[in-house]
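Structure at a glance
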Amino acid sequence: MTDLSQHTIAGSVLTMPVQVRTAYQHTAMFVVDADAAQRMVDHSGLQVCRFARGRALVVLMLMRYEDTDLGQYYEYGTNVMVNPPGSTASGLSALQSAGAFVHHLPVDQSFTLEAGRTIWGYPKVLADFTIRKGRSFGFDVSIDGKLAVSMEFQPGLPVPSTFTSSRQVHNTYSHLDGVTRETAGEMLLTGVRYRPGGVKLRLGDHPYAAELASLGLPKRALMSSSAANVDMTFANARVISQ
């Protein structure tokens, strides 16, 4: 990524690509009804990745960004796996080219909120985060005083670094103010742990929770994971449609 264009956010200049040097991550992957997932992303013009008959994947995640160009902050994401624009691929092989449509993205700091909405069209909103650490890891996300989502993670089994040492290219998609965008990124995960299931999901009374319930959540996760560190870069967004 050699794009060195700049954006001015709240008086600070950001040079692309934006760098994340230190962050940790917890994710949970759920198999959901593909038609329900499609209704969630219809407004974007994208198509969900139907990796199995009538099934799609949704990933819920919590990020704690420590050393980044956007400062320190917590972020929760609801991500629906979708095909690249124009693709109608299906089956397990379609997951190889699928990207994540970012449907919910609450954060707890105003600078990253403005940068996320301005540069990438991510649907960031301000939220309050409660974090629980111990043998297990848990968090609550509340928006305007209403609980959106609560998750409790059990520790997974460590994955040998041989399987996680290569940098991954990933695309994310967003839709904000009538514009659908694609953002290319790269990530390198270290200290990765996985386990089948391994997470308890609870939904609150915020409208985000009702949207998750429309997917059949809460239910058992297909897989949960954590990463002790995530090194990432985010390029400029590319407008797909408007």
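So, here is what we can say about the structure in this document. Just so you know, the residues in each chain are numbered from 1, in the order the chain's sequence is written. For a predicted model such as this one, the threshold for reporting local features is a pLDDT of at least 70, and the threshold for listing and counting side-chain atom pairs is 80 or more; totals across whole chains, interfaces and linings nevertheless cover every residue. The basis for the side-chain values is all heavy atoms of the structure; hydrogens and waters are excluded.

A short note on the nonpolar core
Ranked by internal contacts, the top residues of the largest apolar core, which has 40 residues, are Phe30, Leu60, Phe139, Val149 and Met151. Only DSSP runs of H or I covering at least 4 residues are called helices, and only runs of E covering at least 2 are called strands; the numbering of each starts at the N terminus. Elements with a contribution of two residues or more to this core: β3 (18-33), α1 (34-41), β4 (55-68), β5 (73-82), β9 (137-143), β10 (146-153), β14 (199-203) and α3 (207-213). Top element by residues in this core is α1. It accounts for 5 residues. Once residues within four sequence positions are removed from consideration, valine 149 is found in contact with Tyr76, Phe139, Asp140, Val141, Leu201, Arg202 and Leu203. Buried Ala, Val, Leu, Ile, Met, Phe, Trp, Tyr and Cys residues that are joined via side-chain atoms within 4.5 Å together make up what is termed a nonpolar core. Under the scheme applied here, a residue whose accessible area is under 20% of the maximum for its type counts as buried, over 50% as exposed, and between as partly exposed, the area being computed with a 1.4 Å probe on protein chains only. Counting residues in hydrophobic clusters, the runner-up holds 26 residues, among them Leu14, Leu113, Ala115 and Trp120. The contact criterion used is simple: two residues touch if any of their non-hydrogen atoms lie within 4.5 Å.

Some words on the side chain of histidine 103
Structurally, histidine 103 is set in strand β6 (residues 99-107). We classify histidine 103 as buried; its relative accessible area is 14%. Counted as a polar contact is a pair of N or O atoms within 3.5 Å, where, for protein atoms, one must be capable of donating a hydrogen and the other of accepting one, and residues adjacent in sequence contribute only when both atoms are in side chains. A polar atom in the side chain of histidine 103 sits 2.8 Å from the side chain of glutamate 211. When near neighbours in sequence (up to four residues on either side) are disregarded, histidine 103 contacts Met40, His43, Thr78, Pro123 and Glu211.

A short note on the pairing of strand β2 (residues 12-15)
Pairing between strands requires that DSSP locate at least two bridges from one strand to the other. The pairing of strand β1 (residues 6-9) with β2 spans 4 bridges and is classified as antiparallel. Paired with glutamine 6 across the strands is threonine 15, a residue of β2.

Concerning helix α2 (residues 110-120)
All buried positions along α2 are accounted for by Thr112, Leu113, Ala115, Gly116, Ile119 and Trp120. Among the residues trailing α2, glycine 121 stands out with phi positive, at a value near 70°.

Details of the pattern of salt bridges
What counts as a salt bridge is simple: a side-chain nitrogen of Lys or Arg found within 4 Å of a carboxyl oxygen of Asp or Glu. Here the structure, examined in full by the defined rule, presents 9 salt bridges. In this structure, the salt-bridge partner of lysine 124 is glutamate 75, at a minimum N-O distance of 3.4 Å. Of this pair, lysine 124 sits in strand β7 (residues 124-126) while glutamate 75 sits in strand β5, placing them 49 residues apart in sequence. The same class applies to lysine 124 and to glutamate 75, which are both buried. Among the salt bridges present, the one from arginine 132 reaches glutamate 152, with a minimum N-O distance of 2.5 Å. Of the two residues, arginine 132 sits in strand β8 (residues 128-132) while glutamate 152 sits in strand β10, which places them 20 residues apart along the sequence. In this structure glutamate 152 comes out as partly exposed when scored by relative accessible area, which is 25%. Taken together, the shared-partner salt bridges in this structure form one network comprising Arg21, Asp67 and Asp69.

Regarding the environment of glutamate 182
Mapped onto the fold, glutamate 182 is located in strand β13 (residues 179-196). A residue is classified by how much of its surface remains accessible, and glutamate 182, at 13% relative accessible area, is buried. Through-space distance from the C-alpha of glutamate 182 to that of alanine 227 is 25 Å; in sequence the pair is 45 residues apart. Once residues within four sequence positions are removed from consideration, glutamate 182 is found in contact with Pro85, Asn171, Thr172, Tyr173, Asn236, Ala237, Arg238 and Ile240. Among the polar contacts listed, one links the side chain of glutamate 182 to the side chain of tyrosine 173, at a separation of 2.7 Å.

Some thoughts on the pairing of β10
Across the 8 residues of β10, 6 count as buried, placing the element largely inside the fold. Sheet topology note: the β9/β10 ladder contains 7 bridges and is antiparallel. When the bridges of β10 are listed, isoleucine 143 appears paired with lysine 146. In this structure, the hairpin formed by β9 and β10 is closed by a connection of 2 residues, where aspartate 144 is found at a positive phi of approximately 55°. Across 5 bridges, β10 lies against β14 in antiparallel orientation. Residue pairing across strands places serine 150 opposite arginine 202, the latter belonging to β14.

Things to note about the sheet that holds β14
Overall, antiparallel pairing links the 4 strands, which are arranged β8-β9-β10-β14 in an open sheet. Whereas interior strands pair on both sides, the edge strands pair on one side only; in this sheet they are β8 and β14. With strand direction ignored, the average angle separating the axes of adjacent strands in the sheet is 10°. Here an angle of 0 to 180 degrees is reported between the N-to-C directions of two axes, which are lines fitted to C-alpha atoms, with helices fitted over the stretch in contact.

A short note on the side chain of asparagine 79
Summarising the element assignment, asparagine 79 is placed in strand β5. Classification of asparagine 79 by relative accessible area gives buried; the value is 7%.

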